[in-house]
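In case you want the letters, here they are:
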Amino acid sequence: MSDALPVHDADEHWMRHALALAERAQREFNEIPVGAVLVSADGEVLGEGWNLNIAEHDPSAHAEIVAMRRAGRALQNHRLMGSTLYVTLEPCAMCAMAIVHARVARLVYAATDPKTGACGSVFDLLGDARHNHRVDIHGGVLAREASTRLTNYFRAKRGRPLLSLDAPATDEG
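All of these numbers come straight from a predicted model, not from anything done at the bench.

**Topic: the overall build of the protein chain**
So, point 1. A count of helical and extended segments in the protein chain gives five helices and five strands.
So, point 2. For the protein chain, the α and β elements follow one another from N to C terminus as α-β-β-α-α-β-α-β-β-α.
So, point 3. For the protein chain, the C-alpha radius of gyration of 15 Å lies close to 16 Å, the compact-globule estimate for 173 residues.
So, point 4. Overall size of the protein chain, expressed as C-alpha extent along the three principal axes, is 45 × 35 × 30 Å.
So, point 5. Residues classed as buried in the protein chain amount to 45% of the 173 residues present.
So, point 6. Carbon and sulfur atoms make up 53% of the accessible area of the protein chain, which amounts to about 8,800 Å² in all.
So, point 7. Computing the positive centroid from 18 side-chain charges and the negative centroid from 22, the protein chain places the two 6 Å apart.

**Brief notes about the state of the cysteines**
So, point 1. Applying the stated rule across the entire model yields zero disulfides.
So, point 2. Cys92 supplies the cysteine sulfur nearest to Cys119, a cysteine that is in no disulfide, at a spacing of 8.6 Å.

**Here's the deal with the confidence of the model for the protein chain**
So, point 1. The pLDDT averaged across the protein chain works out to 90; a share of 91% of its residues lies at or above 70.
So, point 2. In this model, residues 1-6 is a region of pLDDT below 50 whose contacts with residues beyond four sequence positions or in other chains number four contacts.

**Thoughts on the UniProt feature "active site" (unreviewed entry) in the protein chain**
So, point 1. Following the UniProt record, one finds the feature "active site" (unreviewed entry) at Glu64.
So, point 2. The residue Glu64 is located in helix H3 (residues 63-75) in this model.
So, point 3. Looking at Glu64, the relative accessible area reads 3%, which means it is buried.
So, point 4. Dropping the residues within four chain positions of it, Glu64 is found in contact with Ala36, Leu85, Val87, Leu89, Pro91, Cys92 and Cys95.

**Here we look at the pairing of strand E1 (residues 35-39)**
The side chains of a regular strand alternate, first on one face of the sheet and then on the other.
So, point 1. With five of its five residues buried, E1 lies for the most part within the structure.
So, point 2. Residues Gly35, Val37 and Val39 line one face of E1 and the alternating positions Ala36 and Leu38 line the opposite face, and both faces are buried.
So, point 3. In this structure, E1 lies alongside strand E2 (residues 45-50), joined through five bridges in antiparallel fashion. Paired with Val39 across the bridge in E2 is Val45.
So, point 4. Taking the residues between adjacent antiparallel strands as the criterion, E1 and E2 are bridged by five residues, where Gly43 takes a positive phi near 85 degrees.

**Quick notes on the packing of aromatic side chains**
So, point 1. Per the stated rule, a full pass over the model turns up two aromatic pairs.
So, point 2. Between Tyr153 and Phe154, the ring centres sit 5.1 Å apart and the planes meet at 85 degrees, which makes this aromatic pair edge-to-face.
So, point 3. The exposure class of Phe154 is partly exposed, given its relative accessible area of 25%.
So, point 4. Over the aromatic face of Trp50 sits the side chain of Arg70, whose NZ or CZ is 5.2 Å from the ring centroid.

What counts and how
Positions within a chain are numbered from 1, following the residues in the order the chain's sequence is written. Note on the predicted model: pLDDT of at least 70 is required for a residue's local features to be given, and 80 or more for side-chain atom pairs to be given and counted; whole-chain, interface and lining totals, by contrast, use all residues. Side-chain measures were taken over the full set of non-hydrogen atoms in the model, leaving aside hydrogen atoms and water. Only DSSP runs of H or I with at least four residues qualify as helices, and only runs of E with at least two residues qualify as strands; both kinds are numbered from the N terminus onward. Throughout, radius of gyration means the C-alpha value; the globule benchmark is 2.2 Å times the number of residues raised to the power 0.38. When accessible area is computed with a 1.4 Å probe and restricted to protein chains, residues below 20% of their type maximum are described as buried, those above 50% as exposed, and intermediate ones as partly exposed. Surface accessibility in these figures is a Shrake-Rupley result with a 1.4 Å probe; residues are shielded only by whichever protein chains are displayed. In this tally, Asp and Glu contribute negative charge and Lys and Arg positive charge; neither His nor the terminal groups of the chain are included. Taken as the charge location is NZ of Lys, CZ of Arg, CG of Asp or CD of Glu. Two cysteine sulfur atoms make up a disulfide if the distance between them is within 2.5 Å. The pLDDT score gives, residue by residue, the confidence of the prediction method on a 0 to 100 scale. Contacts: residue pairs with any heavy atoms within 4.5 Å of one another. UniProt positions are given in the numbering used here, feature names are shortened, and annotations may be inferred rather than shown by experiment. We treat two strands as partners when DSSP finds at least two bridges between them. Any two of the Phe, Tyr and Trp rings considered here, Trp counted by its six-membered ring, make a pair once their centres fall within 6.5 Å; the pair's planes then place it as stacked at under 30 degrees, edge-to-face at over 60, or tilted in between. Here, over-ring charges are defined by two tests on the NZ atom of lysine or the CZ atom of arginine: distance to the ring centre within 6 Å, and angle to the ring normal within 35 degrees.

Structure follows, in structure tokens:
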């Protein structure tokens, strides 16, 4: 990428892209709004995805898995060396281990998952010293926006009033 953004600005830029994918998951597929984009060290999109569990009748079709599958196909390689995965929700155990096996270099996530988060909040699978690959983790990028979108998805399902995207999200799910 010729006009490389500073790391913090790039993280926010790509997280906004992931948030747009999350919104698409909800709008087009009525899925839980989680989006992911995998970016090369050069700033090129390698793969993107959003939750498709319901639409594809596939319990493994989490946004992260979809993005990594698409990247692997595009690169014709199961190793995604040097890449950064941006995802709007802290990955679960399944996705965390897929990130390790794919050799993703860096994970940036927005909201923590207080029920199944496996990247430091509930479990810390990526931090386990027994793995032969280390992933650099940075959480909390645009967390409030991602958390509020998730909360509103479940509030709408229950017929409850939505929160403003400017208001702090609650742990109601």
